[in-house]
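# Coordinate inspection notes
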Amino acid sequence: MRSMWKGSISFGLVNIPVSLYKATEDHKTSFRSLHEKCKHPIQYKKWCPVCDREVGAKEVIRGYEYAPGNYVIITDDDINELPLPTLRTIEILHFTDKDSIDPVYYEKSYYLGPGGYGGKPYKLLHEAMNRTGKVAVAKVAFRTSEHLAVIRVHKDCLLLNIIHYPAEVRAVEGVPGIEGIAATEVSEAELEMAIKLIEEISKQFGDDYKSNYEEALKELIQAKIQNKEIEEPDAAPRTDNVVDLMEALQRSLNASKVAPTMTDTGMGTETRRATGTETGPAANPTPRRRRKM
């Protein structure tokens, strides 16, 4: 891993030197934008309309538009000299219970590795947080912003999560239709059966999830490269049958016992059909046809 930021954690009067590393990587298939006529990649150029020419990366500077057409120039030196302790330090504001922060706040994850002589104080903070079950709410500045963050224990490592500021999280009251949910009633029998279904199809979060979309996309790409046919399911006939909620729950429970195998989303095909979340008949799957690429 390559460090993307170096500094220290401010833990009371203790400074713990650390390095920041990306904890995740993108495995999604990427595409190039091509010109439809000649099939060659499109080039995106930085163009100055006043000088009427292309501008190189070294010629681009940062400006803030304080009035229409008027800019103040902000350099890297200006940013590095901001009177913020968080430019080189992850400043712990306070500790809190690890379950007290709603997941809606979480954004990105980074590993914090010990730097230089920081092995012992790093281990001390890790062990103390592990025993207390606490996480640290902190601030850190990089990439032209001061971020709100959470430091937490992840296995033998400290992990930093960039989280949204409370003002950035939109109010749930703005969700269309949500205002009527509080007055909606469900029966105790429906609730008990729903809880039973949840328990029936519950399992531990694992490390074997994968994107079925990516697998299908790679198969399509390889088929096009080799000019082969690929199998394609016929469109399933739609049904407008409205299944009674209790009946759907019961059928879901029955299906989960007969076919307990889960998909990556945690619910089998038979279960989705039983609850009415998948269109088409529950039996006799549609035959597949082949499509020429």
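Each residue is numbered by its place in its chain's sequence as written, counting from 1. Local features in a predicted model are, by the rule used here, given only for residues with pLDDT of at least 70; side-chain atom pairs are given and counted only at 80 or more, and totals for whole chains, interfaces and linings are based on all residues. Side-chain descriptors were evaluated using all non-hydrogen atoms of the structure, hydrogens and water having been removed beforehand.

### Section: the pattern of salt bridges
- Think of a salt bridge as a Lys or Arg side-chain nitrogen and an Asp or Glu carboxyl oxygen that are within 4 Å of each other. The full count for this structure, using the stated rule, is eight salt bridges.
- Residues D76 and R62 are paired through a salt bridge, measuring 3.1 Å at the closest nitrogen-oxygen approach. With D76 in helix α1 (residues 76-80) and R62 in the loop between β4 (53-54) and β5 (63-67), this pair connects stretches of sequence that are 14 residues apart.
- Residue exposure (1.4 Å probe, protein chains only): buried if accessible area is under 20% of the type maximum, exposed if over 50%, otherwise partly exposed. The class of R62 is partly exposed, set by a relative accessible area of 33%.
- Through salt bridges with shared partners, a single ionic network connects K123, E127 and R131. Runs of H or I in DSSP of at least four residues are treated as helices and runs of E of at least two as strands, each being numbered from the N terminus.

### A closer look at the sheet that holds strand β1 (residues 5-11)
- Here we have seven strands rolled up into a closed barrel, ordered β1-β2-β8-β11-β10-β9-β7, and mixed in their pairing. With strand direction ignored, the average angle separating the axes of adjacent strands in the sheet is 40 degrees.
- Whether two strands pair depends on DSSP finding at least two bridges between them. Pairing of strand β9 (residues 134-142) with strand β10 (residues 145-154) involves seven bridges; the strand directions are antiparallel. Bridged to V140 within β10 is H147.
- Whether two residues touch is decided by their heavy atoms; if any such pair falls within 4.5 Å, the residues are in contact. Axis angles are defined between N-to-C directions and span 0 to 180 degrees, where every axis is a line fitted to C-alpha atoms and, for a helix, only to the segment in contact. On the sheet, helix α2 (residues 119-132) packs against β1, β2 (14-22), β7 (89-97), β8 (106-114), β9, β10 and β11 (157-163) and is oriented at approximately 70 degrees with respect to β11.

### Here we look at the nonpolar core
- I9, V18, I90, L112, I151, L158 and L160 are the most contacted members of the largest nonpolar core, which has 22 residues in total.
- Mapped onto this core, the elements with two or more residues apiece are β1, β2, β7, β8, α2, β9, β10 and β11.
- Excluding its chain neighbours within four sequence positions, the residues that come into contact with L160 are L20, I90, K108, S109, Y110, L112, A149, V150 and I151.
- Among the buried residues, those of types Ala, Val, Leu, Ile, Met, Phe, Trp, Tyr and Cys that are joined through side-chain atoms within 4.5 Å form a nonpolar core. One finds V135, V137, V150 and I163 within the second-largest nonpolar core, a separate group that totals six residues.

### Digging into the pairing of β8
- In the sheet, β2 pairs with β8 via five bridges, with the strands oriented antiparallel. Opposite Y21, over in β8, you have Y111 as the bridge partner.
- Pairing of β8 with β11, which is carried by six bridges, proceeds in the antiparallel orientation. If you follow Y111 over to β11, its bridge partner there is L159.

### Focus on the packing of aromatic side chains
- Only centres within 6.5 Å qualify two rings of Phe, Tyr or Trp (six-membered ring in Trp) as a pair; their planes then separate them into stacked at under 30 degrees, edge-to-face at over 60, and tilted for everything else. Across all of its chains, the model carries three aromatic pairs by this definition.
- Relative to F95, the ring of F11 lies with its centre 6.0 Å away and its plane at 80 degrees, an arrangement referred to as edge-to-face. With a gap of 84 residues between them, F11 in strand β1 and F95 in strand β7 connect regions that are remote in the sequence.
- Under the relative-accessibility criterion, F11 is labelled partly exposed at 25%.
- Under the relative-accessibility criterion, F95 is labelled partly exposed at 34%.

### A closer look at α2
- By definition here, a helix of n residues has an expected span of 1.5 Å times n minus one. Relative to the 20 Å expected for 14 residues at 1.5 Å per residue, α2 spans 20 Å between its end C-alpha atoms, a close match to the ideal helical length.
- Two residues or fewer after α2 comes G133, characterised by a positive phi angle close to 70 degrees.

### Let's talk about the pairing of β7
- Summarising the sheet, β1 and β7 pair through three bridges and their orientation is parallel. For S8, the partnering residue across the bridge sits in β7 and is T89.
- Sheet topology places β7 next to β9; six bridges connect them, and they run antiparallel. In the strand pairing of β9, T96 is matched with V135.

### Quick notes on the confidence of the model for the protein chain
- pLDDT expresses how confident the predictor is about each individual residue, on a scale running from 0 to 100. Per-residue confidence for the protein chain gives a mean pLDDT of 82; residues scoring 70 or more make up 82%.
- Mean pLDDT in the protein chain bottoms out at helix α6 (residues 269-274), which sits at 44, and peaks at β11, which reaches 95.
- Here residues 260-289 is a poorly scored stretch, pLDDT under 50, and it has 47 contacts once near neighbours within four places are set aside; other chains count.

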